[in-house]
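The chain contents come next:
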Amino acid sequence: MSDDILSRANVVAEGSATTKDEAIREAGALLVSSGAVDGSYVDAMLERETSVSTYMGNLLAIPHGTNESKDAIKTSALSLVRYDHSIDWDGEEVRFAVGIAGVGDEHLGILSKIAVVFSDEDEVAKLVNAKDADELYALLEEVNAE
């Protein structure tokens, strides 16, 4: 079980952030507290955002660190924070911040799994309407499948 990319502890149904930077810190803090990354990785997530927006469409942003921050990653992991109110992400509406840390190139496979889920508007609606973090986790558990 510990090999799961997304752990239940890293799913938050009611994020507290109100700004893009706060949301990045919130998603990053989950990765830090789970032991996946060093604290410096969160700074790299914020730095990455200054050069390229991680907004993906369909209410989703996927903040992640810079290539230079690979040393801060101990193990591949995801975090997901849902917000009751949209966060302004460079003029786009975000309700989900998914923090990603990938060892080597592992983040590419993780990104594609998340993209598949969020490309389906029916799936996104289920995530928006999930009653709690347990339900959110259940809906996203497929990202852990090999």
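Residues numbered from 1 in each chain as written. Predicted model: local features only at pLDDT ≥ 70, side-chain atom pairs only at ≥ 80, totals over all residues. Heavy atoms only, no water.

Points about the nonpolar core
What counts, and what does not: By convention a nonpolar core is built from buried Ala, Val, Leu, Ile, Met, Phe, Trp, Tyr and Cys residues, the set being connected through side-chain atoms within 4.5 Å. Accessible area is worked out with a 1.4 Å probe on protein chains only. A residue is then buried under 20% of its type maximum, exposed over 50%, and partly exposed in between. Whether two residues touch is decided by their heavy atoms; if any such pair falls within 4.5 Å, the residues are in contact.
If you look at the biggest cluster of nonpolar residues, it comprises 24 residues, and the most contacted ones within it are Leu78, Leu80, Val98, Ile114, Phe118 and Leu136. Look past the residues within four positions of valine 98 in its chain and what remains in contact with it is Leu60, Ala61, Ile62, Pro63, Leu78, Ser79, Leu80 and Ile114. Core analysis: the next-biggest nonpolar cluster, separate from the first, contains 22 residues, Ala23, Ile24, Tyr41 and Met45 among them.

Re the side chain of serine 79
Our working rule: The helix count covers DSSP runs of H or I at least four residues long, the strand count covers runs of E at least two residues long, and both are numbered beginning at the N terminus. Nitrogen and oxygen atoms within 3.5 Å of one another constitute a polar contact, given that in protein one can donate a hydrogen and the other can accept it, and given that sequence-neighbouring residues count only through two side-chain atoms.
Position of serine 79 relative to the elements: it lies in strand β4 (residues 77-89). Classification of serine 79 by relative accessible area gives buried; the value is 0%. Within the structure, serine 79 has its side chain in polar contact with the backbone oxygen of alanine 27 (distance 2.8 Å).

Some thoughts on the sheet that holds strand β5 (residues 92-101)
Rule in force here: What makes two strands pair is DSSP finding at least two bridges between them. All axes are obtained by fitting lines to C-alpha atoms, using only the stretch in contact for helices, and the reported angles, taken between N-to-C directions, cover 0 to 180 degrees.
Overall, mixed pairing links the five strands, which are arranged β1-β4-β5-β3-β2 in an open sheet. Unpaired on one side and paired on the other, β1 (6-12) and β2 (55-57) mark the two borders of the sheet. Pairing of β2 with strand β3 (residues 60-61), which is carried by two bridges, proceeds in the antiparallel orientation. Residue pairing across strands places glycine 57 opposite leucine 60, the latter belonging to β3. Packed onto the sheet, helix α5 (residues 133-140) meets β1, β4 and β5 and runs at close to 135° relative to β1.

Quick look at the packing of aromatic side chains
Aromatic rings considered in pairs are described by the distance between their centres and by the relative angle of their planes. Counted only if it meets this: In summary, the pairing rule links any two rings of Phe, Tyr or Trp, Trp by its six-membered ring, whose centres are within 6.5 Å, and it sorts them by plane angle into stacked for under 30 degrees, edge-to-face for over 60 and tilted for everything else.
A full pass over the atoms with the stated rule returns one aromatic pair. Pairing phenylalanine 96 with phenylalanine 118 gives two aromatic rings, centres 5.3 Å apart and planes at 65°, and the pair type is edge-to-face. Of this pair, phenylalanine 96 sits in strand β5 while phenylalanine 118 sits in helix α3 (residues 106-118), and the two are 22 residues apart along the sequence. Given the relative accessible area of 0%, phenylalanine 96 is considered buried.

So, the pattern of salt bridges
Rules: For this document, the term salt bridge refers to a Lys or Arg side-chain nitrogen within 4 Å of an Asp or Glu carboxyl oxygen.
The full count for this structure, using the stated rule, is five salt bridges. Measuring nitrogen to oxygen at the nearest pair gives 2.6 Å for the salt bridge that ties aspartate 134 to arginine 8. Residue aspartate 134 is located in helix α5, and its partner arginine 8 is located in strand β1; the two are separated by 126 residues in the primary sequence. By relative accessible area, arginine 8 is classed as partly exposed at 33%.

Topic: the UniProt feature "domain: PTS EIIA type-2" (unreviewed entry) in the protein
Test applied: UniProt positions are given in the numbering used here, feature names are shortened, and annotations may be inferred rather than shown by experiment.
Annotation from UniProt places "domain: PTS EIIA type-2" (unreviewed entry) at residues 4-143. Secondary structure across residues 4-143 comprises 40% helix and 25% strand; the distance between its end C-alpha atoms is 9 Å.

Considerations on the packing of helix α1 (residues 20-33) against helix α2 (residues 40-51)
Here is the rule we go by: Each crossing is labelled by how the near helix is turned from the far one, with a counterclockwise turn of less than a right angle marking it left-handed and a clockwise turn marking it right-handed. Under the convention adopted here, Pro, Cys and the residues Ala, Val, Leu, Ile, Met, Phe, Trp and Tyr are nonpolar, Asp, Glu, Lys and Arg are charged, and Gly plus all remaining residues are polar.
Two elements in contact, α1 and α2, have axes whose closest approach is 9 Å; the angle formed by their N-to-C orientations is 145°. Considering only the axes of α1 and α2, their crossing is right-handed. Of the residues in α2, those touching α1 at Lys20, Asp21, Ile24, Arg25, Gly28, Ala29, Leu31 and Val32 are Tyr41, Val42, Met45, Leu46 and Glu49. Of the residues contributing to the contact of α1 with α2, the split by class is eight nonpolar, one polar and four charged.

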